[in-house]
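# Geometric and topological summary
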Amino acid sequence: MSGRALLMWDEAVTRYDFGSSHPMDPVRLALTMGLVRAYGLDKQVDVVAAPPAGDSTLRLVHRQDYVDAVRAASADPGAADASYGLGTMDDPAFAGMHEASALIAGQSVAAAEAVWAGEAAHAVNFAGGLHHAMPGGAAGFCIYNDAALAIARLLELGAERVAYVDVDVHHGDGVQAAFWEDPRVLTISLHEHPRLLFPGTGWPEETGAAGAGEGSAVNVALPAGTGDEGWLRAFHAVVPELIADFRPQVLVTQHGADTHFEDPLAHLAVSLDAQRAVQAACHSLAHEYVEGAKWVALGGGGYAVVDVVPRSWTHLVGIAGHAPVDPESVIPASWRDEVFARTRELGPGRMTDGRTVSWRSWDAGYDPADRLDQAVLAARRAAFPLRGLLA
Ligand SMILES: [Zn+2]
Ligand SMILES: [Zn+2]
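Residues numbered from 1 in each chain as written. Chains lettered and ligands numbered in written order. Predicted model: local features only at pLDDT ≥ 70, side-chain atom pairs only at ≥ 80, totals over all residues. Heavy atoms only, no water.

## Comments concerning the nonpolar core
Short version of the rule: Take the buried Ala, Val, Leu, Ile, Met, Phe, Trp, Tyr and Cys residues and link them wherever side-chain atoms come within 4.5 Å; each set so joined is a nonpolar core. Throughout this description, buried means an accessible area under 20% of the type-specific maximum (1.4 Å probe, protein chains only), exposed means over 50%, and partly exposed covers the range between. Under the scheme used here, helices are H or I runs from DSSP no shorter than 4 residues and strands are E runs no shorter than 2 residues, and both carry numbers assigned from the N terminus. We call two residues in contact whenever any of their non-hydrogen atoms come within 4.5 Å of each other.
Counting residues in hydrophobic clusters, the biggest one holds 133 residues, and the most contacted among them are Leu86, Ile143, Tyr144, Ile188 and Phe235. It is helix H4 (residues 97-117) that provides the largest number of residues to this core, a total of twelve residues. When residues no more than four places from it in sequence are discounted, the contact partners of Leu86 are Tyr66, Ala69, Val70, Ala73, Ala80, Asp81, Asp91, Met97, Ala138 and Ile143.

## Digging into the coordination of the zinc ion (ligand 1)
Think of it this way: four donors in a tetrahedron around the metal ideally sit 109.5 degrees apart, and six in an octahedron ideally sit 90 or 180 degrees apart. What counts here: Sites may look incomplete, because water is not among the atoms used; the donor set itself consists of N, O and S atoms within 2.8 Å of the metal (3.2 Å for Na, K and Ca). Here the metal geometry follows the donor angles, with tetrahedral for four donors whose angles all fall between 85 and 135 degrees, square planar for four and octahedral for six when opposite donors are more than 155 degrees apart and every other angle is between 65 and 115, and irregular for all the rest.
Every protein donor of the zinc ion (ligand 1) is listed here as His122 (NE2), His283 (NE2), His287 (NE2) and His322 (NE2), and their distances to the metal cover 1.9 to 2.1 Å. Geometry at the zinc ion (ligand 1) is irregular, judged from the four donor atoms that bind it and their angles of 97 to 137 degrees at the metal. If you list the donors of the zinc ion (ligand 1) from N- to C-terminus, the spacing comes out as H-x160-H-x3-H-x34-H. Placement of the pair is His122 in strand S3 (residues 122-125) and His287 in helix H8 (residues 272-289), with a sequence separation of 165 residues. Residue class for His122 comes out buried when judged on its relative accessible area of 1%. Residue His287 is classed as partly exposed on the basis of its relative accessible area of 28%.

## Quick look at H4
Working note: α-helix, 3.6 residues per turn, so residues spaced by three or four point in the same direction. Applied cut-off: Take the residue count of a helix, subtract one, and multiply by 1.5 Å to get its expected span.
If you check H4, its first and last C-alpha atoms are 30 Å apart, about what 21 residues at 1.5 Å a residue would give, namely 30 Å. Of all 21 residues in H4, 17 are buried; the element is thus mostly enclosed.

## With respect to the coordination of the zinc ion (ligand 2)
Asp168 (OD), His170 (ND1) and Asp258 (OD) make up the full set of protein donors to the zinc ion (ligand 2), lying at 1.9 to 2.1 Å. Between the donor residues of the zinc ion (ligand 2), the gaps in sequence give the motif D-x1-H-x87-D. In this pair, Asp168 is assigned in the loop between strand S4 (162-166) and helix H6 (173-178) and Asp258 in the loop between strand S7 (250-254) and H8, connecting sequence segments 90 residues apart. Relative accessible area serves as the criterion here: at 0%, Asp168 is assigned to the buried category.

## Observations concerning the packing of helix H7 (residues 228-246) against helix H11 (residues 371-383)
Any two packed helices are characterised by how steeply their axes cross, that is the angle between the axes, and by the distance between the axes. The criterion, for reference: Note on geometry: axes are lines fitted to C-alpha atoms, helical ones only across the stretch in contact, with angles between N-to-C directions running from 0 to 180 degrees. Should an angle fall under 35 degrees it is called roughly parallel, over 145 degrees roughly antiparallel, and 65 to 115 degrees roughly perpendicular, with every other angle called oblique. It is the rotation of the near helix from the far one that decides the hand of a crossing: anticlockwise by less than a right angle makes it left-handed, clockwise makes it right-handed. Under this grouping Gly is polar, as are all residues other than the nonpolar Ala, Val, Leu, Ile, Met, Phe, Trp, Tyr, Cys and Pro and the charged Asp, Glu, Lys and Arg.
Between H7 and H11, whose axes approach to 10 Å, the crossing angle comes to 15 degrees. One element, H7, and the other, H11, form an angle in the roughly parallel class. The handedness of the crossing between H7 and H11 comes out as right-handed. Contact with H7, carried on its side by Gly230, Arg233, Ala234, Ala237, Val238 and Glu241, involves Leu372, Asp373, Val376 and Arg380 of H11 and no other residues of that element. For the contact of H7 with H11, a count of residues per class yields five nonpolar, one polar and four charged.

## Describing the pattern of salt bridges
Opposite charge on two side chains permits them to pair, given that their charged atoms come into close proximity. The criterion, for reference: Put simply, a salt bridge is a Lys or Arg side-chain nitrogen that is within 4 Å of an Asp or Glu carboxyl oxygen.
The final tally for this structure, using the stated rule, is twelve salt bridges. Of the charged contacts, one joins Asp42 and Lys43 as a salt bridge, the two residues approaching to 3.3 Å between their closest N and O atoms. With relative accessibility at 60%, the residue Lys43 sits in the exposed group. Two residues, Arg63 and Asp65, come together in a salt bridge whose shortest N-O distance is 2.9 Å.

## Things to note about unusual backbone geometry
Of note, the amide linkage connecting Phe198 to Pro199 takes the cis form, showing an omega dihedral of 5 degrees. Of note, the phi angle at Arg247 is positive, near 50 degrees, even though the residue is not glycine. As for its position among the elements, Arg247 is in the loop between H7 and S7. Using a relative accessible area of 43% as the deciding quantity, one classes Arg247 as partly exposed. Of note, the phi angle at Ala293 is positive, near 55 degrees, even though the residue is not glycine.

## Side note on the packing of aromatic side chains
Any two aromatic rings considered together are summarised by their centre-to-centre distance and by the angle between their planes. Counted only if it meets this: Between rings of Phe, Tyr and Trp, where Trp is taken as its six-membered ring, a pair exists when centres lie within 6.5 Å; planes separated by under 30 degrees are stacked, by over 60 edge-to-face, and by other angles tilted.
Scanning all chains against the criterion turns up nine aromatic pairs. Here the aromatic rings of Phe141 and Tyr303 are separated by 5.5 Å at their centres, their planes lie at 85 degrees, and the arrangement is edge-to-face. Separated by 162 residues along the polypeptide, Phe141 in the loop between S3 and helix H5 (146-156) and Tyr303 in the loop between strand S8 (295-298) and helix H9 (309-320) bring together distant segments of the chain. Tyr303 shares its class with Phe141; the two are buried. Taken together, the aromatic side chains of Trp9, Phe126 and Trp313 make up a single cluster linked through ring pairs.

## Topic: the packing of H8 against H9
Direction vectors running N to C along H8 and H9 enclose 25 degrees, while the axes themselves pass 9 Å from each other. Relative to H9, H8 is oriented roughly parallel. Along this stretch, H8 crosses H9, giving a crossing that reads as right-handed. For the pair formed by H8 and H9, the contact residues are Leu272, Gln275, Arg276, Gln279, Ala280 and His283 on the first element and Arg311, Ser312, His315, Leu316 and Ile319 on the second. Taken together, the residues of the contact of H8 with H9 sort by class into four nonpolar, five polar and two charged.

## With respect to the pairing of S8
The condition is simple: Strands are labelled as partners when DSSP assigns at least two bridges between them. Seen with the strands pointing away from the viewer, any crossover whose path from the first strand over the helix to the second strand runs clockwise is right-handed.
Of the two faces of S8, the one carrying Trp295 and Ala297 and the one carrying Val296 and Leu298 are both buried. Where S3 meets S8, four bridges bridge the pair, whose relative direction is parallel. Considered in S8, the bridge of Asn125 is made with Leu298. Pairing of S7 with S8, which is carried by four bridges, proceeds in the parallel orientation. Bridge assignment links Leu251 to a residue of S8, and that residue is Trp295. In this fold, S7 hands off to H8, which returns the chain to S8; that crossover is right-handed.

None of this, on its own, says anything about what the molecule does.
This is the structure:
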């Protein structure tokens, strides 16, 4: 199936800005959109802006007292209430914080609505994927959980099965928490081991609330240093089988680019080429197992803001837009000029890290002494039997 995809974009999402000393520099969003345009992908997809999420939408996931606290901190950053995680090192308050956060959430919610209505099979919001925000608090650079809000909106519209696949280097804890008791939402997160990395959750034993929620969360806790082959092996050993069995009506994926070997905040060693391969795999899963190939793809973390994030998410837009960017292509000089003007850095020259991606299939067997295989086994053994699948 082809068909045009949506790319959600409003320049004002770059106002989601925690300040110059914070790693989540909004230049990563501006540079991504610049690279999308440099490749002409904005002509291959429909670029649309949605309004910010209103309170009744935010309340699908968040508590009103938290939304009120965000709004108060947004109006007066000096008065941010740290008991809500606001005005902290990770989530400093800034003027306009509520508006920028609600705008990002609005893009993800509108992406979900459009896909659900069949207006487009795929929709991308690379400004979204703010997966750490909790119902009653900010966490990990995330104010409103646009991923959870998009899913909650799908449920409100009548969806009975939504799958969420999160390949950010950090655990998708906020989304997991939002649907912990809800069998309609299957959350799958692959991330660096919680012993080593924020937020300290995402253990394989976290499989959903006892009772109805049992088996609705799946967590693959990867060893530090995991590279392309291990990361792809783990993804393919866990995700396709779950999606094939669950048959979601919509697939929502989060593509945090902080798994990359250049990322300063974590310790996996994944290349751009493997990130692109997982994006393409998610696209294929949508076509194979989701009626109408309904797919909402979100961004997420990613702190190598010049070298990695724009390339990774430009590939995502190309894949969703059925106009994939050739990894070998030389990046247009116009974009590298933009990079230099904005950052005084020299941007990357090609859309590849020069890696050839390959992995060993789980079906070919595993090695119980291998740490990566142990991580996969732990995830499968904890969650698969709860879903009626063989571990
Ligand atoms: Zn497609
Ligand atoms: Zn992350």
